[in-house]
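Coordinate inspection notes
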Amino acid sequence: MTVTALTGCTFTAEIANLQPYDPSDGVATTMDDIAVRNAMLITSDGAEANLVMTVVNTTGENVDLRVQYGSAGARQTDIIALPADPELFQVGSDPANQLIISDDDIVAGSLFPVYFQHGDAQGEIIEVPVLDGTLAEYELLVP
């Protein structure tokens, strides 16, 4: 007689820590050698928001990152000049490197579509979370 014991084994279970996720309030995307990390919009009134993110440039060259937002009829395009060195570039935390987005659809607690693209790389649209300055870590980032 053979006895087989079955337990709550996770042999076939999906392992959660192998799934990509954004471990912060912001979101991320990667386009070839350019990575946008922890992108979020910080607003106080809902009409203007500060785009806050870290961009990783591993191309070894200066790169222009195209940022586009708004409705089809009134799209706005801004360019962020990314230096080759250092590879990590902070946007939004320093007034000299802020990108203020103006749009009627910016509402705290919602998601706002932003398109990122550089060079010949295929661009990416990501739904960027809109936060307000209620939390202490964001109050100085409000435009």
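Okay, so let's go over this structure. In this text the structure is predicted, and so the values were computed from the model without any measurement.

Criteria and cut-off values
All residue numbers refer to position in the chain's written sequence, counted from 1. In keeping with the predicted nature of the model, local features appear solely for residues at pLDDT of at least 70, side-chain atom pairs appear and are counted solely at 80 or more, and the whole-chain, interface and lining totals rest on all residues. The basis for the side-chain values is all heavy atoms of the structure; hydrogens and waters are excluded. Runs of E in the DSSP output that reach at least two residues are strands. Runs of H or I that reach at least four are helices, and both are numbered from the N terminus. Throughout, exposure labels follow a simple rule: accessible area from a 1.4 Å probe, protein chains only, divided by the maximum for the residue type, with under 20% read as buried, over 50% as exposed, and the rest as partly exposed. We call two residues in contact whenever any of their non-hydrogen atoms come within 4.5 Å of each other. We call a set of buried Ala, Val, Leu, Ile, Met, Phe, Trp, Tyr and Cys residues a nonpolar core when their side-chain atoms join them within 4.5 Å. Two strands qualify as a pair provided that DSSP identifies no fewer than 2 bridges between them.

Before going further, it helps to spend a moment on the environment of glycine 26. When you line up the elements, glycine 26 lands in the segment before β1 (27–31). Take glycine 26: its relative accessible area is 4%, and that puts it in the buried class. Along the primary structure glycine 26 and glutamate 127 are separated by 101 residues, whereas in three dimensions their C-alpha atoms are 9.6 Å apart. In this structure glycine 26 touches Asn38, Ala39, Met40 and Pro129, once residues within four positions along its chain are discounted.

So, on to the nonpolar core. Across soluble globular proteins, you tend to see nonpolar side chains buried next to one another. Formed by 28 residues in total, the largest nonpolar core has its most connected members in Met53, Leu65, Val67, Ile80 and Phe116. Every element with two or more residues in this core is listed here: β1, β2 (34–43), β3 (48–57), β4 (63–69), β5 (76–82), β6 (88–91), β8 (111–118) and β9 (124–132). Apart from residues lying up to four places away in sequence, leucine 65 is in contact with Met31, Ile34, Val36, Met53, Val55, Asp78, Ile79, Ile80, Leu82, Phe116, Gln117 and His118. By size, the runner-up hydrophobic cluster in this structure holds 5 residues, among which are Met40, Val52, Tyr138 and Leu141.

Another point: the pairing of β8. Taken together, the 4 bridges between β4 and β8 define a ladder with antiparallel strand orientation. Paired with valine 67 across the strands is phenylalanine 116, a residue of β8. Inspection of the sheet shows β8 paired to β9 by 6 bridges, in the antiparallel sense. Residue pairing across strands places proline 113 opposite glutamate 127, the latter belonging to β9. Once β8 ends, the chain turns through 5 residues before running back antiparallel as β9, passing glycine 119 with a positive phi of about 50°.

Attention now goes to unusual backbone geometry. Looking along the chain, the bond that leaves aspartate 85 and enters proline 86 is cis, with omega of 10°. Residue placement: proline 86 occurs in the loop between β5 and β6. Of note, aspartate 32 is a non-glycine position whose phi angle comes to about 55°, a positive value. Mapped onto the elements of the fold, aspartate 32 is located in the loop between β1 and β2. The exposed category is assigned to aspartate 32, whose relative accessible area is 60%. Positive phi, close to 55°, is recorded for asparagine 38, a residue that is not glycine. Position of asparagine 38 relative to the elements: it lies in strand β2. For asparagine 38, a relative accessible area of 30% puts it in the partly exposed group.

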